[in-house]
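Below, each chain spelled out in residue letters.
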Amino acid sequence: MNDLAQPVTELTGVGEALAAKLARLRVQTIADLLFHLPLRYQDRTRITPIGTLRAGMEGVVEGEVSAADVVKGRRRSLLVRLKDDSGIISLRFFHFSPAQQQQFQRGTHVRCFGEARAGATGLEIYHPEYRLIGTGEAPVEDHLTPIYPTTEGLTQPRLRGLIGQALKRLAEAPESLPDGIPEPLRERFRLPGLHECLRYLHEPPPDADLERLAEGRHPTQRRLALEELLAHQLSLRQVRLRIQADGAPALPSGRGLQARFVAQLPFSLTGAQQRVLDEIARDLETECPMLRLVQGDVGSGKTVVAAMAALAAIAGGCQAAVMAPTEILAEQHFRNFREWFAPLGIEVAWLAGKLKGKARLDTKAAIADGRAQVVVGTHALFQEDVHFQRLGLAIVDEQHRFGVHQRLALRQKGEAGGLTPHQLIMTATPIPRTLAMSAYADLDLSVIDELPPGRTPVQTVAVPDERRPEVVARIRNACAEGRQAYWVCTLIEESEALQCQAAEATRDALTEALPELAVGLVHGRMKAAEKAAVMAAFKSGELDLLVATTVIEVGVDVPNASLMIIENPERLGLSQLHQLRGRVGRGSTESFCVLLYHPPLSAHSRERLAVMRESTDGFRIAEKDLELRGPGEVLGTRQTGLAQMKIADLERDRDLLERVSPLARALLEEAPDASEPLIRRWLGDEAGRYGQV
Ligand code: ADP
Ligand code: MG
């Protein structure tokens, strides 16, 4: 039987020991070998005249031994002089046996491969691969030589041999590895066939474009990258289908309650908020669980949108849960919702890890019997021991800490009646649409692309830290006018402890420099209750200046704060700086952000701080951030699963992203059975894990 799905041990010469090594490379089956692609290539298809070699060049040279001597330098070595018609070069061996020394008789013909470097005797090749040849022996390899990622104890020739066997089996039984993208689709999307690509990449012809291959932009590589992106997208769509397999409560009746809520707000909704609310309302009306991601720049007013959605759930006789990533944020949402909803007679409950004992039991009871109509909290909300009476809507703020698995897990929270709650996920990371469509293919996308009127954009300046006294004076002036300020200490190395110490030292220094001000401190190592107390004091105006670590990054809303100092901003990514800066400029007074950097700045840092000075547009900043840091960092791809891709590279292959969705749609429509094998091929166990949740 020739089945490429068989384990590698079916190949000649592969025992348990070798199989174990291959397993370290995530190669288990014969087909896996075919998808184990080269890192790079060597050109051993032609012989390079010795005289044309330059330091740093790699190639095959062939010549006659003119001398071979053991030389004593700093290290003893065997030096073999090799010449052809065009020049002479030295082969140098630091490790050699007497037998080896014997081989290199004067006049012997040697062919070798290696990298030339400038050595003591002119150009030298250290430890070349070589063999002795007879005259007139046929030249070299007929295709470029692949260099594979490998593991200890597995040589390149060995790996090449195994892949050669796999290619042979593929040639004998092409049908045993079906092309994941059916022919008609390949034609329409102008994609080369899978087998063709694999064969090309393992055995490129001598004239292959090495530069493109090295960049990963060869058409064959792009086809595989597209296929991988497609597989990811299909798996996310599968997640979506799985969530939507169960019904959700239809929530069509929110308008009355929402109108009463809007009437009591001190402002009217922006056009963008209204549009996004319409999109949400349309989703909620149906029995198909909503899966919607709302993107909106910091300060665009996502919380009100969340509140409106919650009202639709309540009007429909369901509960709504609001989850935030930190207790500070959750607490803030809780206050907002309670204030907004109390006049409407709606009961809002609070649940976080810190809630203990009887209070916790009482809250859980209120959630279970439906008295709590809105529940605000942290991850604690979705723990097993929390039962909802009838959860209709789950709202998740700041989605980048909330992955696919959690989305799937939410299904079970519908519990009674077997209904799945609608999901509304909100993020302030304004990633470009194509990227969002790939990373969050399981979600529909709404964008709040307008800020509430009357905001004056934050003025940003970059100041070197030797001008710290000026900055301190600036805080004094702002606070004297009744404003408040943040002082943000950024991460020193990856140590939270050090960061907190630094923040404490800064608080002490500022307290001394500004004796007339009330200075507070909040950092990640404080107890939740302490943090909450400090935040509340800042919000109420008791504190003038808040020294904080980056814990205030997300969502904190204190409109009277109009000045933010960010110390060592060069340590942070642009998107993070943008989030931080979004804490000011929330009221109508002019706000300022001072980037207090430590000179000298690298060119790269200078460029980033310039972006911050010039722009307050989250989308532009995100684009720039992507350019400078790559999508992995910006998206926090750990949760999206896009980080572990084998071939595709979100940055390099960005133009492919646009082709993925149409291809996925076409495939699901025209060849739905092709989806599962593709997911399995590229995501393997990963896909299995999604399934188990
Ligand atoms: P984010 O999108 O960053 O979560 P918030 O929901 O915290 O933003 O809103 C920021 C501030 O803007 C809050 O003080 C909120 O009350 C206010 N706000 C929200 N919508 C509007 C609006 N349409 N007009 C004026 N202010 C608004
Ligand atoms: Mg927010």
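Residues numbered from 1 in each chain as written. Chains lettered and ligands numbered in written order. Predicted model: local features only at pLDDT ≥ 70, side-chain atom pairs only at ≥ 80, totals over all residues. Heavy atoms only, no water.

Novice: Which residues make up the site of ligand 1, and what are the values?
Specialist: Inspection of the region around ligand 1 gives 16 residues, with Gln273, Gly299, Lys302, Thr303 and Arg455 positioned closest. Within the side chain of Lys302, a nitrogen or oxygen atom sits 2.8 Å from an oxygen atom of ligand 1. Within the side chain of Thr303, an N or O atom sits 2.6 Å from an oxygen atom of ligand 1. When ligand 1 sits alone it has 570 Å² of accessible area, and the protein chains cover 87% of it. The site holding ligand 1 turns out to be the second largest pocket. (Near = heavy atom within 4 Å. Polar contact = N/O pair within 3.5 Å; in protein donor to acceptor, adjacent residues only side chain to side chain. Areas by Shrake-Rupley, 256 points an atom, 1.4 Å probe, with all protein chains shown as cover. 1 Å grid on protein atoms, 1.4 Å probe; cavity = no way out; pocket = protein on both sides within 12 Å on 5 of 7 lines; lining within 4 Å. Sits in = over half its atoms within 2 Å of the grid points.)

Novice: Before we move on, could you go through the sheet that holds strand S20 (residues 561-567) and cite the residues and values that matter?
Specialist: Strand order in this open sheet of six strands is S16-S21-S20-S17-S19-S18, and the pairing throughout is parallel. Sheet topology places strand S16 (459-464) and strand S18 (519-522) at the edges, where each strand pairs with a single neighbour. Sheet twist, expressed as the average angle between the axes of neighbouring strands with direction ignored, equals 20°. With six bridges connecting them, S16 and strand S21 (residues 592-597) associate as parallel partners. When the sheet's bridge partners are listed, Val461 is paired in S21 with Val594. Docked against the sheet, helix H19 (residues 574-581) engages S16, strand S17 (484-488), S20 and S21, running at close to 150° with respect to S20. On top of the sheet, helix H20 (residues 603-614) reaches S16 and S21; it is set at about 150° to S16, its chief contact. (Pairing = 2+ DSSP bridges. Helix = DSSP H or I, 4+ residues; strand = E, 2+ residues; numbered from the N terminus. Axes fitted to C-alpha atoms, helices over the stretch in contact; angles between N-to-C directions. Contact = heavy atoms within 4.5 Å.)

Novice: An account of unusual backbone geometry is requested, with residue identities and associated values reported.
Specialist: The omega torsion of the bond from Pro599 to Pro600 falls at 0°, within 30 degrees of zero and hence cis. If you trace the backbone, Pro600 turns up in the loop between S21 and H20. The phi angle at His127 is positive, at roughly 40°, despite the residue not being glycine. Within the secondary structure, His127 sits in the loop between strand S6 (122-126) and strand S7 (129-132). Taking relative accessible area as the criterion, His127 reaches 35% and is therefore assigned partly exposed. The phi dihedral of Arg190 falls on the positive side, at around 50°, and the residue is not glycine. (Buried < 20%, exposed > 50% of the residue type's maximum accessible area, 1.4 Å probe, protein only.)

Novice: Explain helix H6 (residues 194-202) to me, using residue names and the numbers behind them.
Specialist: Considered for burial, the residues of H6 that qualify are Leu194, Cys197, Leu198, Leu201 and His202. Angular distribution of buried residues about the axis of H6 spans 120°; they occupy a single face of the element. (Arc of directions from axis to C-beta.)

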